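Coordinate analysis (summary)
What follows is the residue order along each chain.
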Amino acid sequence: MPKRYREPRYVVKEYGRYGLPAPKPGHHWVKVDNDFLLTAIATGVIVSIIAGS
């Protein structure tokens, strides 16, 4: 994932509001445009993608 999307402003803290499951430890959801990406915090590796409409 590009480094700019790893900034705190892209992190989804209220994931339940969007119907997303709770991230596992060491991961968080990131919103890019209308898509949600579950990423590893330490590396930025994308684990899962939920495409928006």
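The sections below set out a description of the structure shown in this document. (Residues numbered from 1 in each chain as written. Predicted model: local features only at pLDDT ≥ 70, side-chain atom pairs only at ≥ 80, totals over all residues. Heavy atoms only, no water.)

Another aspect to go through is the overall build of the chain. Of regular secondary structure, the chain possesses zero helices and four strands. Radius of gyration (C-alpha) of the chain: 10 Å, near the 10 Å computed for a compact globule of 53 residues. Seen through its principal axes, the chain has C-alpha atoms that stretch 25 × 25 × 20 Å. Across the 53 residues that make up the chain, the buried fraction comes to 26%. (Helix = DSSP H or I, 4+ residues; strand = E, 2+ residues; numbered from the N terminus. Rg over C-alpha atoms; globule rule 2.2 N^0.38 Å. Buried < 20%, exposed > 50% of the residue type's maximum accessible area, 1.4 Å probe, protein only.)

Okay, the environment of Arg-4 next. Along the polypeptide, Arg-4 turns up in the segment before β1 (11-12). For Arg-4 and Trp-29, which are 25 residues apart along the polypeptide, the C-alpha to C-alpha distance reads 14 Å. At 2.8 Å, the side chain of Arg-4 forms a polar contact with the side chain of Tyr-5. (Polar contact = N/O pair within 3.5 Å; in protein donor to acceptor, adjacent residues only side chain to side chain.)

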